[in-house]
Amino acid sequence: MDFQDFFRKMKHDPRDPDPWLALYLDRSLPIDERAKAALLKSQRSYTRRVVMPIIKPFARLSISGIKLMKILVPTSWQSPWLLHRSIYWGLRLFVAPEANYLILRHFTIGTEILKFIEDNIPGIELETTTPLRTRRLEDLLDNTFTIHDLTFYNFIIELNEKLRAEGREIEPRKAIDFSAITDDDASVDDLPNTWLNVVDLQTAIEIYTPLYALFLSDHHFWRASNSLQLDEIIALYVGKILNDPLPVALVHNHHPMVPRSTLEAGFRLTLHGLDSETLHGHLRKLKAEAKGAAAPGAIAPGRSPES
């Protein structure tokens, strides 16, 4: 299944240019080409253009209703088991292949970004983070979404406890270890592709966000929602290691010290996916450049053949 073929076969009409073709051809963001094609194909879909604007206000109203219910009827009931099975069956039965592909690869690239940071802080070994590599939809059943959120919080807490105990800061590295950044990817050919699998990524996220509010406690839903703003913290760590401000410019969820409303969680989750893709894509690009510079006979960046 090649999502790029969708755009390669499109014909450009100067009188009516396709905005999604323009974004596919544009290379201003360092994002994997197949992931970019999958995201833009999803954004271009009928459900994203027509269904999502109708679903979104009802989804936000549902979140408000669920939160009000939990205030009036306080209870500690929650069921991550039901949450993950509801998501799994929804993805399998109704969500388009390109959206499922992006969801599956998201956990793998998140794992690789955290491992990259750990590898480039000398003397630091973390124990509380859980590596997630999802290749099939069945891999999501074992509380993967919840574990993903917890992993980022635990990573930040354990990393900074150890740095504070040693009186250290994250510092720039001259020799960057890119071994954590790979081309590992989801099993695209295993994704369901029936006539029912038409729902785009953003519409699916808007539908699933109220399920988070329903099947998690209010505290856990708030924590999951605001984990999306950890993007800026992770980008700051990467920027310090690389001694480069660009990683921070690639994320758009803003710092979690000023949390956004949980009503915006659906949109911010879509941004979180884009932030992760661009940050991972930037590291992949730097890894390729470093590998090229280290190859025999290669020219170091910024130098001419004669220098």
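Residues numbered from 1 in each chain as written. Predicted model: local features only at pLDDT ≥ 70, side-chain atom pairs only at ≥ 80, totals over all residues. Heavy atoms only, no water.

Comments concerning the overall build of the protein
So, step 1. Looking only at helices and strands, the protein has 12 helices and 0 strands in total.
So, step 2. By the compact-globule yardstick of 19 Å for 307 residues, the protein fits well, its C-alpha radius of gyration being 21 Å.
So, step 3. Its C-alpha atoms give the protein principal-axis dimensions of roughly 70 × 60 × 35 Å.
So, step 4. For the protein, the proportion of its 307 residues judged to be buried stands at 46%.
So, step 5. Pairs at least 24 residues apart make up 83% of the contacts formed inside the protein by residues separated by at least 6 positions.
So, step 6. Across the protein, the centroid of the 36 positively charged side chains sits 3 Å from that of the 40 negatively charged ones. (Helix = DSSP H or I, 4+ residues; strand = E, 2+ residues; numbered from the N terminus. Rg over C-alpha atoms; globule rule 2.2 N^0.38 Å. Buried < 20%, exposed > 50% of the residue type's maximum accessible area, 1.4 Å probe, protein only. Contact = heavy atoms within 4.5 Å. Lys, Arg positive; Asp, Glu negative; His and termini not counted. Charge placed at Lys NZ, Arg CZ, Asp CG, Glu CD.)

Regarding the nonpolar core
So, step 1. By size, the foremost hydrophobic cluster in this structure holds 41 residues, and its most contacted members are Leu91, Tyr101, Leu140 and Tyr212.
So, step 2. Elements with a contribution of two residues or more to this core: helix 2 (19-25), helix 3 (33-44), helix 4 (46-72), helix 5 (80-94), helix 6 (97-119), helix 8 (201-215) and helix 9 (218-226).
So, step 3. Beyond its immediate sequence surroundings of up to four residues, leucine 91 is in contact with Asn100, Ile103, Leu137, Leu140, Pro192, Asn197 and Tyr208. (Core = buried A, V, L, I, M, F, W, Y, C linked by side-chain atoms within 4.5 Å.)

So, unusual backbone geometry
So, step 1. The backbone of asparagine 143 shows a phi angle near 55 degrees, a positive value even though the residue is not glycine.
So, step 2. Mapped onto the elements of the fold, asparagine 143 is located in the loop between helix 6 and helix 7 (144-165).
So, step 3. In this structure asparagine 143 comes out as partly exposed when scored by relative accessible area, which is 29%.
So, step 4. You will see that histidine 254, though not glycine, has its phi angle at about 65 degrees, which is positive.

Digging into the pattern of salt bridges
Close approach of charged atoms allows side chains of opposite charge to pair.
So, step 1. All told, the structure shown has 21 salt bridges when counted by the stated rule.
So, step 2. Arginine 8 is paired through a salt bridge with aspartate 5; the nearest N and O atoms lie 3.0 Å apart. Of this pair, arginine 8 and aspartate 5 both sit in helix 1 (residues 4-8), 3 residues apart, which is roughly one turn of the helix.
So, step 3. What makes arginine 8 partly exposed here is its relative accessible area of 49%.
So, step 4. We classify aspartate 5 as partly exposed; its relative accessible area is 29%.
So, step 5. Linked through salt bridges whose partners overlap, the residues forming this network are Arg34, Arg105, Asp185 and Glu277. (Salt bridge = Lys/Arg side-chain N within 4 Å of Asp/Glu carboxyl O.)

Some thoughts on helix 7
So, step 1. With 22 residues, helix 7 should reach 32 Å at 1.5 Å per residue; the first-to-last C-alpha distance of 31 Å fits that figure.
So, step 2. Listing the buried residues of helix 7 in full gives Thr144, Phe145, Thr146, His148, Asp149, Thr151, Phe152, Phe155, Ile156, Glu158, Leu159 and Leu163.
So, step 3. Two residues or fewer past helix 7, glycine 167 is found with a positive phi of approximately 65 degrees. (Expected span 1.5 Å × (residues − 1).)

So, a nonpolar patch on the surface
So, step 1. A grouping of Leu68, Met69, Ile71, Leu72 and Val73 is seen on the molecular surface, where their side chains present a nonpolar patch of about 520 Å² in accessible area.
So, step 2. Looking at the element boundaries, leucine 68 is found in helix 4. (Patch = residues over 30% accessible without salt bridge, like charges linked within 9 Å, V, L, I, M, F, W, Y side chains within 5 Å. Areas by Shrake-Rupley, 256 points an atom, 1.4 Å probe, with all protein chains shown as cover.)

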